[in-house]
Amino acid sequence: MRSIKLAILGLGTVGAGTVKLLQENLTEIKRRTGCDIEITHVGTRRDRPDLNLEGVKQSSDLLEIVRQPDVDIVIEVIGGIDFAEELMVEAIKHGKHIVTANKALIAEKGNELFALADKAGVFIAYEAAVAGGIPIIKVMRESLAANQIERLAGIINGTGNFILSEMQSGASFETALAQAQELGYAEADPTFDVQGIDAAHKLTILASIAFGIPLQFDKVFCEGIDIIQQADVEYARELGFSIKHLGLAIRQTGQEQNKIELRVHPTLIPTHRLITHVSGVKNAVMVKSDALGNSMYYGAGAGAGPTASAIVADVMDLVRALANPGAANQLVPHLAFQPDQISELPIADISEVISAYYLRLTTIDELGVLTRVTRILSDHGINIESIIQKRTQNNQAVPIIITTQRVLESKIDAAIRALESLEAVNTPIVRLRIEELN
Ligand code: HSE
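Residues numbered from 1 in each chain as written. Predicted model: local features only at pLDDT ≥ 70, side-chain atom pairs only at ≥ 80, totals over all residues. Heavy atoms only, no water.

Peer 1: Pulling in residues and values, what's your account of the site of the ligand?
Peer 2: Contacts to the ligand come from K103, N157, G158, T159, Y185, A186, E187, D193, D198, K202, G301 and A302. At 2.7 Å from an oxygen atom of the ligand is found a main-chain nitrogen or oxygen belonging to G158. Measuring from a nitrogen atom of the ligand, one finds a backbone N or O atom of Y185 at 2.8 Å. Here the ligand has 260 Å² of accessible area as a free molecule, and 94% of this is covered by the chains. Residue assignment for the shell around the ligand shows that the elements contributing at least two residues are α7 (158-168) and α10 (197-211). (Near = heavy atom within 4 Å. Polar contact = N/O pair within 3.5 Å; in protein donor to acceptor, adjacent residues only side chain to side chain. Areas by Shrake-Rupley, 256 points an atom, 1.4 Å probe, with all protein chains shown as cover. Helix = DSSP H or I, 4+ residues; strand = E, 2+ residues; numbered from the N terminus.)

Peer 1: Tell me about helix α4 (residues 82-93), residues and numbers included.
Peer 2: Compared with the 16 Å implied by 1.5 Å per residue over 12 residues, the 17 Å span of α4 between its first and last C-alpha is a close match. Every buried residue of α4 is accounted for by A84, L87, M88, E90, A91 and I92. Looking at the buried side of α4, the elements it contacts are β1 (3-9), α3 (62-65), β4 (73-76), β5 (97-100), α5 (103-120) and β6 (124-125). Of the residues one or two after α4, G95 is the one with positive phi, at around 75 degrees. (Expected span 1.5 Å × (residues − 1). Buried < 20%, exposed > 50% of the residue type's maximum accessible area, 1.4 Å probe, protein only. Contact = heavy atoms within 4.5 Å.)

Peer 1: Give a description of the sheet that holds strand β2 (residues 36-43) that names residues and reports values.
Peer 2: The six strands are arranged β3-β2-β1-β4-β5-β6 in an open sheet whose pairing can be described as parallel. The open sheet has two edge strands, β3 (57-59) and β6, and neither has a second partner. Direction of pairing for β4 relative to β5: parallel, over a ladder of four bridges. Along β5, the bridge assignment pairs I75 with V99. Most of the contacts of helix α1 (residues 13-24) go to β1, to which it runs at about 155 degrees, and overall it touches β1, β2 and β4. Contacts from α4 reach β1, β4, β5 and β6, with the element oriented near 155 degrees to β5. (Pairing = 2+ DSSP bridges. Axes fitted to C-alpha atoms, helices over the stretch in contact; angles between N-to-C directions.)

Structure below.
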């Protein structure tokens, strides 16, 4: 039986989870691949006496590991960009296939790395980079390959969804974040989770394989869960919506030029949509495609076991390719489309997006404020869908909650500027987008 040799770079939550899964399920993995799989090297600075690493060479010199002849596949789970990129380039130079969970690296440097790997005849597998254990890359790249993708809408950050769910059950933001860190869900820098950057990395990757466009992280509009307040969760619920942090990649239709929208932001979704019931660390990706219609993929979006599940499945694909010369050529291209068919479709600026909106204004209680507010909205061509003014006590600030019909974002921007210039209105006005997701 052929033996394939692995090096694992990084023994944090995900690296350790990968070692354990490979060891626990080795018999089953051998039965499925027809090959033996052996971890020959681990690259780590820390001692992990809790792991059984007997006979495995350990070193903190990761660059040296990727050059070793007794390594066929490098598993990169150190995270970060610069050093991880250096490691990958070196691994590619030495003819190693790579498996990674590093969404930041793929989203920001993937175009160059995939070109390099294609040239060298090696493959970079990255299922674990998006939505943890959900096999969404494989689904998009292979199972939906016959479809034209129209829209992706996903809860793609487990930490953010965990925090939002905990807050909806009354926990504070800080307690929920600390718990997510303890459970190994959060990024090394949790602002990546909270500010939507991690979700933007993942959306960049999903959009590329959905539409056959280059990876363009810098074009993603990004807002995080940190703009949501408890009051908005309550008002949204009263209006029949749940707030979820979504990544959205949409092929515009019916506009002068059909552009691609790439946006990550808190979103009000009607509570009858299945995706609003996705809570805790779970992720879900809804895909709307022409032949299949709507489909949804659900599962754990972070954590040792789920991420290791995706990593080891990628390893197994590469093991099969290595064991059958010729099979490597059958691997689906990195970004699903043939590299020379990746095309630069125009990306819409957020001001060009059409959406419905939720606005929360805080005003002073005086005669005619509501009239002035609604006049500004109508002057800007904005049709009000619903409006609630909350009871005020002792002349305190009065919340006014408005939802609008679908309108161009630039019109809402202009209306908000005009509303904020009213003396009776406190700034800033809270603006969230509403998506029906039908
Ligand atoms: N911090 C990420 C999340 C880990 O919470 O989704 C998985 O990519």
